[in-house]
Amino acid sequence: MIFTPLTLPNGQVLPNRIAKAAMEENMAAPNRSPSQQMLALYHRWSLGGTGLLITGNVMVDGRYMTGPGNVVLENDEHLDVFQQWASKAKSAGNAVWMQISHPGRQTPSNITQQGIAPSAVDLDLGKYSKMFAPTRAMEVAEIEEVIERFVTTAVLAEKSGFDGVEVHAAHGYLISQFLSPLVNKRTDQWGGSIENRARLLLCIIDRIREKVRSDFAVAVKLNSADFQRGGFEPKDAKAVVSMLEARNVDMVELSGGSYEAPAMQGSARDDRTLAREAYFVEFAKDIANGTPLPIMTTGGISRRPVAENVLEQGIDMVGIATGLALVPELPKLWQQNKDTSTSQPQASLKPIAWENKTLAVLARMAQVRQSMQRHSVSTKVRPQQPYWLAIVKDQWLSQRSVKQYKSWRAKH
Ligand SMILES: Cc1cc2nc3c(=O)[nH]c(=O)nc-3n(C[C@H](O)[C@H](O)[C@H](O)COP(=O)(O)O)c2cc1C
């Protein structure tokens, strides 16, 4: 089943059921286009046998970034490099989609002094809250601008040769903030009922669809829940999926959580997802059984029997992030019946028993980012470095990226 092709509603055929889920690479060149090192990584992933590569989030607005090392696509200034990226990423006949994102209030304070969100509700990360900019509520004109920016980036992705885009509406980023009653306190047509809270996402999808070819995939990454009391709930997610059904969406990827409750990394304030390897499988199964839309779920999947089990539940595609960052050739190894849970290379990280959960999530992310960077330059299998070292290196790399980003911003 894993190696059976999947035909999407728009006719696009994915050669197998494994998708590399989005992971921001932190490998942008100083001009915010993808670096040559990043292109090499995508070439390697393509040759590794993954059916669909979804890029790390590409920013639709260079003023609001999820991190200083990320790629921005706002205009056609460096389209030749984006074309090379798409072409390298499709070398083995797989598909490549660009994930397009706006972080809203989850913009670090070393990027901007002020984040934007549907309402002025700052991110609450306890003693780490200062890592993020204070937030102000968006004007209606700014909401319109954001919609246009998503459309512009999607059209540029199509021009560059990508096979589709995935609109990031999960993980507490801007669209997810609009969906969440905890962050969206608006009383105009952009807040209140689920129809109003979903309006931003739906307008973005509709306007992208108007502008791109019919065989260009338009997908959505959506939270199954925020995993916070009073937040976006499974029933809201179900309602949004049924609104997407009418809109020629090609796939919905189900994840969960936000920076405040990082369920997508297997850690949430309530324990509903923790016991299993595929964190969101039950919810995804429930949705998949009630919708004609292709459904993908991501989170915790790194072993072949787990991936098979997810597909057997009626879910169309499995998303793998960490596993493919650690072992870019994972699908090929599975095809050759090689077990990656007991031998090198290992497709999952060592458990981390730190009491400070925020720091533990940062350490895992740092470890994964550095693995991607290593794989972009070398095929050597190396043992996992200690978590503290990953954090120290990450801080150093981040400071370097902030300098580069600031000098880019000064020129724009
Ligand atoms: C280093 C890193 C960067 C990530 N960047 C993104 C991103 O750009 N967009 C996104 O939707 N999810 C991102 N994620 C979340 C993953 O797509 C995925 O949902 C999560 O890691 C759970 O899947 P896994 O258990 O296979 O890693 C990132 C995860 C990691 C570890």
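Residues numbered from 1 in each chain as written. Predicted model: local features only at pLDDT ≥ 70, side-chain atom pairs only at ≥ 80, totals over all residues. Heavy atoms only, no water.

- An unreviewed UniProt entry lists the protein under the name NADH:flavin oxidoreductase/NADH oxidase family protein, from Vibrio ulleungensis.

1. Description of the packing of helix H2 (residues 79-89) against helix H3 (residues 140-160)
The description of two packed helices rests on the angle between their axes and on the distance between the axes.
Phase 1: Interaxial distance between H2 and H3 falls to 8 Å at its minimum, and their mutual angle equals 65°. Here H2 and H3 pass one another in a crossing that is right-handed. Two secondary-structure elements touch here, H2 through Leu 79, Phe 82, Gln 83 and Ala 86 and H3 through Leu 156, Lys 159 and Ser 160.
Phase 2: When its residues are assigned to classes, the contact of H2 with H3 shows 4 nonpolar, 2 polar and 1 charged. (Axes fitted to C-alpha atoms, helices over the stretch in contact; angles between N-to-C directions. Helix = DSSP H or I, 4+ residues; strand = E, 2+ residues; numbered from the N terminus. Left-handed = near helix turned anticlockwise from the far one by under 90°. Contact = heavy atoms within 4.5 Å. Nonpolar A, V, L, I, M, F, W, Y, C, P; charged D, E, K, R; others polar.)

2. Here we look at the packing of helix H1 (residues 36-47) against helix H12 (residues 357-377)
Phase 1: Interaxial distance between H1 and H12 falls to 8 Å at its minimum, and their mutual angle equals 85°. For the element pair H1 / H12, the angle class is roughly perpendicular. Judged by residue contacts, Gln 37, Ala 40, Leu 41, Arg 44 and Trp 45 of H1 engage Met 372, Gln 373, His 375, Ser 376 and Val 377 from H12.
Phase 2: For the contact of H1 with H12, a count of residues per class yields 5 nonpolar, 4 polar and 1 charged. (Parallel < 35°, antiparallel > 145°, perpendicular 65-115°, else oblique.)

3. Regarding the site of the ligand
Phase 1: Lining the immediate environment of the ligand, one finds 22 residues, of which Ala 22, Gln 99, Gly 300, Ala 321 and Thr 322 sit closest.
Phase 2: Note that a nitrogen atom of the ligand is positioned 2.7 Å from one of the side-chain N or O atoms of Gln 99.
Phase 3: Within the side chain of Thr 322, an N or O atom sits 2.5 Å from an oxygen atom of the ligand.
Phase 4: Looking at the shell around the ligand, the element that brings in the most residues is H12, giving 3 residues.
Phase 5: Of the residues assigned to the shell around the ligand, the class counts are 8 nonpolar, 11 polar and 3 charged. (Near = heavy atom within 4 Å. Polar contact = N/O pair within 3.5 Å; in protein donor to acceptor, adjacent residues only side chain to side chain.)

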